[in-house]
Amino acid sequence: MGERILVVGSGGREHALVWGLLRSTRVDQVIAAPGNPGMAGEPGCLCASDTSASDIDGVVALAEREQVSLVVVGPEDPLVAGLVDRLREAGFAAFGPSAAAARLEGSKSHCKEFLLAHDIPTGAAVSFTDAEQALAYLDSLDHVPVVKADGLAAGKGVIVAETRTEAAEAIRGILIDGRFGRAGREVLLEERLTGTEVSVLAFCDGTDYAVMPAAQDHKRLLVGDLGPNTGGMGAFHPSPIADAALLETVAHRVIEPTLAGLAAQGRPYTGVLYAGLMLTDAGPKVIEFNCRFGDPETQVVIPLLETDLYDVFMACVEGRLGSLDVEWADQAAVTVVSASGGYPTSSSPPAPISGLEDVPDECIVFHAGTELRDGAIHASGGRVLAVTAMKPTLAEAAEAAHAGIAVIEFEGMQHRSDIARETAQVRT
Ligand code: AMP
Ligand code: GLY
């Protein structure tokens, strides 16, 4: 009998984790809570669709009922709320940081204090709970700062203001009007950094780490990096910006001191540490930490993993990562995301999706915002699905992923036709 694993979450990121675990020779069954129709369609995966990812009691009860040998937690909210702590108390192996370690993502002012205390490069910032004091500080600055709500705000709590008036409005919106509820009881006014953004993610076992291949994200909604910011409309590897030398610098200047600092404070970090960085003239600086995998970066990176994903998770959970060789395919990978018509500002009515069966076999389709209605898969809003292709070169992977997404259709579908293409042209 092989292992039975519980994956918590319902996005494209979690579908990629389910896909990776089902390729393990050790894994018999994956249960996803709540999962999505794409995961339900994977042979060996069952969805507990009535258990939400944020229902901590429900997830622990499900793990007990199903007697799983490992729980992998995808999204940040349950991590910050202490799901991993509860699972460990109940005797389960759980992949993800404790609430104390996940606080690096859960509170931006806490994260900033940690970074400064450990001499990890980051922008200068000051926190406020009082609007008048924050506005007075804003007046005293000779530059316009980035305004950040302290807590988790579903990716919307950062306002990169262009003018002082905009920054003041953001401060009032957060501290006076309560725009982000409890997440906005404190604001951070942070020095605006300039440069190129890059993310570096690492598997961590509390002490040791293994950096993942860098996946460069396209955050803007529209072709040419225009339009509003989104969770990510596509991503690709390799990224010319994040070369081996940069990964090494980030490992030494950011990942290592973070793991050492957390361990010294009695809250060792197990799980994925995601460092969002700005490559400034003075070197890489941390913009934020996430305590989880990225979406859509996971859909790029997991297909490249050659080591058994279950072994990597267990090595992290059991503190043995230092003795495991985590190996990656020497290939390029491109992921293109399709989103509903209203994304990222409004919801969209469910729309039937056609063409899924025509996507070439060389592509992997990961579901996110999909649902089953009368037996047919519908787009249900937000980011709907992602198509990944892996090939020897970036140009080939980009063409294959774009060809895969081109056969999928639903009303209002948005996707970017330029994911990875500019970089691929420069490189080939
Ligand atoms: P976050 O929600 O922390 O990922 O921030 C969202 C986006 O805001 C980032 O991806 C950056 O593009 C931008 N951002 C955050 N902090 C800064 C900063 N200090 N300087 C410039 N841009 C920033
Ligand atoms: N793609 C950005 C994120 O997962 O936060």
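Summary of the structure given here. All values derive from a computational prediction rather than experimental measurement.

### Focus on the sheet that holds strand E22 (residues 376-379)
Paired through backbone hydrogen bonds, the strands of a sheet run either parallel or antiparallel to each other. Overall, antiparallel pairing links the three strands, which are arranged E19-E22-E21 in an open sheet. Every other strand in the sheet has two partners, leaving strand E19 (351-352) and strand E21 (370-373) as the edge strands with one partner each. Two elements, E19 and E22, share two bridges in a ladder whose sense is antiparallel. Residue Ala 351 lies in a different strand from E22, and its bridge partner there is Ala 379.

### So, unusual backbone geometry
Cis geometry marks the peptide bond from Ala 33 to Pro 34; its omega dihedral reads -5 degrees. Following Asp 295, the chain continues to Pro 296 via a peptide bond in cis, the omega torsion being 20 degrees. Tracing the sequence through the fold places Pro 296 in the loop between strand E17 (283-290) and helix H11 (297-301). Its identity as a non-glycine residue notwithstanding, Asp 119 has a phi of 55 degrees, on the positive side. Of the residues examined, Asp 119 reaches a relative accessible area of 58% and is grouped as exposed.

### Remarks on the site of ligand 2
Around ligand 2, the surrounding shell consists of Asp 217, Gly 231, Tyr 274, Asn 290, Arg 292, Gly 294, Asp 295, Pro 296 and Glu 297. Between ligand 2 and the protein, one listed contact pairs a nitrogen atom with a side-chain N or O atom of Asp 217 at 2.9 Å. At a separation of 2.9 Å, a nitrogen atom of ligand 2 approaches a polar backbone atom of Gly 231. Of the residues assigned to the shell around ligand 2, the class counts are two nonpolar, three polar and four charged.

### Some points on the state of the cysteines
Across all of its chains, the model carries zero disulfides by this definition. Free of any disulfide, Cys 204 has its nearest neighbouring cysteine sulfur in Cys 316, separated by 7.2 Å. Cys 204 gets classed as buried once you look at its relative accessible area, which sits at 0%.

### Focus: the site of ligand 1
Residues in close proximity to ligand 1 total 14 residues, the closest being Lys 148, Glu 190, Leu 193, Glu 197 and Glu 288. Here a nitrogen atom of ligand 1 sits 2.7 Å away from a polar atom, N or O, in the side chain of Glu 190. Within the backbone of Leu 193, one N or O atom sits 2.8 Å away from a nitrogen atom of ligand 1. Put simply, the parts of the chain that give the shell around ligand 1 at least two residues each are strand E7 (146-149) and E17. Partitioning the shell around ligand 1 into residue classes produces six nonpolar, no polar and eight charged.

### Notes on the pairing of strand E2 (residues 27-34)
Consecutive side chains along a regular strand alternate between the two faces of the sheet. Burial runs high along E2: seven of the eight residues are buried. Bridge count between strand E1 (residues 3-9) and E2: seven bridges; the pairing is parallel. Residue pairing for E2: Leu 6 is matched across the bridge by Ile 31. For the handedness criterion, the β-α-β arrangement of E1, helix H1 (residues 12-22) and E2 is classed as right-handed. Inspection of the sheet shows E2 paired to strand E3 (residues 45-47) by three bridges, in the parallel sense. In the sheet register, Ala 32 faces E3, and the bridge partner there is Cys 47.

### Some remarks on the pattern of salt bridges
Any two side chains of opposite charge can pair, given that their charged atoms come close. All told, the structure shown has 17 salt bridges when counted by the stated rule. Note that Glu 371 and Arg 373 form a salt bridge whose closest N and O atoms lie 2.5 Å from each other. When its relative accessible area of 40% is taken as the criterion, Arg 373 is described as partly exposed. One salt bridge in this structure joins Glu 399 and Arg 421, with 2.9 Å as the shortest N-O distance.

### A short note on the nonpolar core
In this structure, Leu 6, Leu 87 and Phe 289 are the most contacted members of the largest nonpolar core, which totals 48 residues. Considering every element that reaches this core, the biggest residue donor is helix H10 (residues 244-264), with seven residues. Setting aside its immediate chain neighbours within four residues, Leu 6 contacts Ile 31, Ala 33, Val 59, Leu 62, Ala 63, Val 68, Leu 70, Val 71 and Val 72. Judged by nonpolar contacts, the second largest core, of 45 residues, contains Trp 19, Phe 95, Phe 313 and Met 314.

Rules used in this analysis
Residues numbered from 1 in each chain as written. Chains lettered and ligands numbered in written order. Predicted model: local features only at pLDDT ≥ 70, side-chain atom pairs only at ≥ 80, totals over all residues. Heavy atoms only, no water. Pairing = 2+ DSSP bridges. Helix = DSSP H or I, 4+ residues; strand = E, 2+ residues; numbered from the N terminus. Buried < 20%, exposed > 50% of the residue type's maximum accessible area, 1.4 Å probe, protein only. Near = heavy atom within 4 Å. Polar contact = N/O pair within 3.5 Å; in protein donor to acceptor, adjacent residues only side chain to side chain. Nonpolar A, V, L, I, M, F, W, Y, C, P; charged D, E, K, R; others polar. Disulfide = S-S within 2.5 Å. Right-handed = clockwise from strand over helix to strand, strands pointing away. Salt bridge = Lys/Arg side-chain N within 4 Å of Asp/Glu carboxyl O. Core = buried A, V, L, I, M, F, W, Y, C linked by side-chain atoms within 4.5 Å. Contact = heavy atoms within 4.5 Å.

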